[in-house]
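Take a look at the letters that make up each chain.
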Amino acid sequence: MLFKKKISAVHVPHCKSTQDMHSVRIAVPESVTIPMSMHSGVPAVPVVAVGDHVYRGQLIAKEGEGRVSSPIHASISGSVTDVTDKYVSIKSDGKMENDPAMKAPKLETLDDFLDGCRKSGIVGLGGAAYPLHGKWEAVRKNKIETVLINGAECEPYCTADNRTMVEDSDHIKSGIEILKRFVGAKEYVIGIEANKPEAIAHLTEVFKDDPSVIVKTLESVYPQGAKQVLLWNATGKVVAAGQRLASLGVIITNVTTLAKMALYFETGMPLIEKCVSVDGSAVKEPKNIIVPIGTSFGYCLEACGGFKEEPRKVIEGGPMMGRTVSDLNESIVKATNGIVAMGEKEATLSEPSPCIHCGKCIEACPLNLNPVAFAKALNMEDEDEKEALLKREDVAQCMECGCCAFVCPAHRPLVANNREDKRFMRSRRR
């Protein structure tokens, strides 16, 4: 994998209209439906039954059997109304009472730290949703020199991480102090895109007397928050295909993940709520809202005044890497950071036309991959030849960031092509 001197993939519209809006806690929904699969790995297993009364922060699902999983907790207090292997539904009692057994966990040894990360139910909140304890287990085998804290938030419309940096710097600071005790890195680099001046100025002031913490301003390009891109632009290091970051002496953690971790070790409150940016041309009152996990997308949109025009598309996350929401009754999950509701004009895409072989997609790819070759592979009948091509062009490294499709003048579905090729490679391995 070859890197340019400075990765500057594409300049997408920022659309950060909610960036300066203080987050607001909305009214408690009448009910929540909490999925059992909100993290990488094996789904959690319910430990409650219909009719049980649960408190806010109470364990409702244990880790599934497997190498990677995460527990799940009630986001509201009330009565369990439905339990399946896919979700747990809770009807609110309107009290939002915390679990009486909740207390700050013991934090004296590395085992205490890792056990707390496991029990907190926290996952990576930058998108991958990898369980927190799995990330920090790497410190058992690797000497970590640098913790890179991802505050880039490069996805258009999303500003929830920005609000964490402005509103919850105390927990960011205490989170770093915890990492100093148990990770022992020499430096803590907070990477923030230049389009977040308030966050940069605030955290620079917060850490002005701590030489181990560097607030690094990064160019506002997409996908600045991607692991490989952030690593290169913030530290000058390159992670090879299949190589773990920890082997380079680096661990990356999202800034909101860090703040939630600190909150858990301070109070015992697991991950049960999220700040979510709600925006888009169809939204009447764009806001940053704090919502219980399991709240429906429809309820979140109603809390923002509803629609000012019929939405053509609703996206969880942002428009570059987010997913289309097919039913507004679907639930906010742990890693949800944005809801974008687009009107007709904003959501209508141009019809694709034949590839003109301009090479813009290759030039835009932050990892220097070849979407043209990936598209060619789709039409190859010989599966051995197809596999050889995709392996040679390293399709597995595609992070589906959307840069190629964004710059394509022919409006080709390049991300969908790459995704299909990756599915093919997974099936061949199986």
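Residues numbered from 1 in each chain as written. Predicted model: local features only at pLDDT ≥ 70, side-chain atom pairs only at ≥ 80, totals over all residues. Heavy atoms only, no water.

Student: Any chance you could explain the overall build of the protein chain here in plain terms?
Tutor: Counting its regular elements, the protein chain contains 14 helices and 17 strands. Compactness check: the protein chain gives a C-alpha radius of gyration of 22 Å against a globular reference of 22 Å for 430 residues, within 12% of the reference. (Helix = DSSP H or I, 4+ residues; strand = E, 2+ residues; numbered from the N terminus. Rg over C-alpha atoms; globule rule 2.2 N^0.38 Å.)

Student: I tried to follow the pairing of strand 8 (residues 87–92) on my own but got confused; where do I start?
Tutor: On a regular strand, each side chain points to the face opposite its neighbour's, so the side chains alternate between the two faces of the sheet. Looking at chain direction, strand 2 (residues 31–35) and strand 8 are connected through five bridges and run antiparallel. Among the inter-strand pairings, Ile-34 is bridged to a residue of strand 8, identified as Val-88. (Pairing = 2+ DSSP bridges.)

Student: Where do I start with the sheet that holds strand 3 (residues 45–46) in this structure?
Tutor: Within a sheet, adjacent strands bond to each other through the backbone by hydrogen bonds, running parallel or antiparallel. The three strands are arranged 3-5-6 in an open sheet whose pairing can be described as antiparallel. Every other strand in the sheet has two partners, leaving strand 3 and strand 6 (72–73) as the edge strands with one partner each. Looking at chain direction, strand 5 (residues 59–62) and strand 6 are connected through two bridges and run antiparallel. Across the sheet, residue Leu-59 finds its bridge partner in strand 6, namely His-73.

Student: Quick question: what am I supposed to make of the side chain of Thr-159 here?
Tutor: Summarising the element assignment, Thr-159 is placed in the loop between strand 9 (146–151) and helix 3 (160–167). Residue Thr-159 is classed as buried on the basis of its relative accessible area of 1%. Of note is the side chain of Thr-159, whose polar atom sits 2.7 Å from the side chain of Thr-18. For Thr-159, the residues in contact, after removing those within four places along its chain, are Lys-16, Thr-18, Gln-19, Glu-153, Ser-277 and Asn-288. (Buried < 20%, exposed > 50% of the residue type's maximum accessible area, 1.4 Å probe, protein only. Polar contact = N/O pair within 3.5 Å; in protein donor to acceptor, adjacent residues only side chain to side chain. Contact = heavy atoms within 4.5 Å.)

Student: Just checking my understanding: could you explain the environment of Ala-240 for this structure?
Tutor: With respect to the helices, strands and loops of the structure, Ala-240 is situated in the loop between helix 6 (227–235) and strand 12 (250–254). Ala-240 gets classed as partly exposed once you look at its relative accessible area, which sits at 39%. The sequence separation of Ala-240 and Gln-397 amounts to 157 residues, and the corresponding C-alpha distance is 9.6 Å.

Student: Looking at this structure, how should I read unusual backbone geometry?
Tutor: In most cases, non-glycine residues show a negative phi, while peptide bonds are predominantly trans. Pro-223 follows Tyr-222 through a cis peptide bond whose omega is 5 degrees. With respect to the helices and strands, Pro-223 occurs in the loop between strand 11 (213–218) and helix 6. The backbone of Asn-368 sits at a positive phi, close to 60 degrees, despite the residue not being glycine. Structurally, Asn-368 is set in the loop between helix 10 (360–364) and helix 11 (371–378). A relative accessible area of 32% means that Asn-368 is categorised as partly exposed. The backbone of His-411 sits at a positive phi, close to 55 degrees, despite the residue not being glycine. The class for His-411 is partly exposed, based on a relative accessible area of 38%.

Student: Explain the pattern of salt bridges here, please?
Tutor: Pairing of side chains with opposite charge becomes possible as their charged atoms draw close. With the rule as written, the count across this model stands at 23 salt bridges. In this structure, the salt-bridge partner of Asp-384 is Arg-428, at a minimum N-O distance of 2.5 Å. Pair noted here: Asp-384 is in helix 12 (residues 383–392) and Arg-428 is in helix 14 (residues 414–429), with a separation of 44 residues, a long-range link. Under the relative-accessibility criterion, Arg-428 is labelled partly exposed at 28%. One network of salt bridges, with partners in common, ties together Glu-383, Asp-384, Glu-387 and Arg-428. (Salt bridge = Lys/Arg side-chain N within 4 Å of Asp/Glu carboxyl O.)

Student: Is there a simple way to explain the packing of helix 11 against helix 14 in this structure?
Tutor: When two helices pack together, their arrangement is given by the angle between the helix axes and the distance between those axes. In the contact formed by helix 11 and helix 14, the axes pass within 9 Å of each other and the chain directions differ by 60 degrees. In this view, helix 11 runs oblique relative to helix 14, as classed from their interaxial angle. Note on packing geometry: the crossing formed by helix 11 with helix 14 is left-handed. Taking contact as the criterion, the partners of Pro-371, Phe-374, Ala-375, Ala-377 and Leu-378 in helix 11 are, on helix 14, Leu-414, Asn-417, Asn-418, Glu-420 and Asp-421. (Axes fitted to C-alpha atoms, helices over the stretch in contact; angles between N-to-C directions. Parallel < 35°, antiparallel > 145°, perpendicular 65-115°, else oblique. Left-handed = near helix turned anticlockwise from the far one by under 90°.)

Student: I tried to follow the nonpolar core on my own but got confused; where do I start?
Tutor: In globular proteins that are soluble, nonpolar side chains generally tend to be buried together. Among the nonpolar cores identified, the biggest contains 60 residues, and Phe-113, Trp-136 and Met-261 are the most heavily contacted of them. The dominant element in this core, judged by the number of residues it contributes, is helix 7 (residues 255–267), at six residues. Not counting the four nearest positions on each side in its chain, Phe-113 is found in contact with Leu-107, Trp-136, Ile-178, Leu-179, Phe-182, Met-261 and Phe-265. Of all hydrophobic cores here, the second largest spans 23 residues; its members include Ala-226, Val-229, Cys-365 and Leu-369. (Core = buried A, V, L, I, M, F, W, Y, C linked by side-chain atoms within 4.5 Å.)

Student: Would you mind showing me how to read the sheet that holds strand 16 (residues 323–324) here?
Tutor: Across the sheet, six strands lie side by side as 1-14-13-17-15-16; this open sheet has mixed pairing. Looking at the sheet topology across the chains shown, the edges are occupied by strand 1 (24–25) and strand 16. Relative to strand 17 (residues 338–342), strand 15 (residues 313–316) is paired through four bridges, and the arrangement is antiparallel. Paired with Val-314 across the bridge in strand 17 is Ala-341.

Student: Would you mind going over a positive patch on the surface with me for this structure?
Tutor: The grouping of Arg-67, Lys-141, Lys-227 and Arg-244 at the surface amounts to a positive patch. Secondary-structure assignment places Arg-244 in the loop between helix 6 and strand 12. For Arg-244, a relative accessible area of 62% gives the class exposed. (Patch = residues over 30% accessible without salt bridge, like charges linked within 9 Å, V, L, I, M, F, W, Y side chains within 5 Å. Areas by Shrake-Rupley, 256 points an atom, 1.4 Å probe, with all protein chains shown as cover. Lys, Arg positive; Asp, Glu negative; His and termini not counted. Charge placed at Lys NZ, Arg CZ, Asp CG, Glu CD.)

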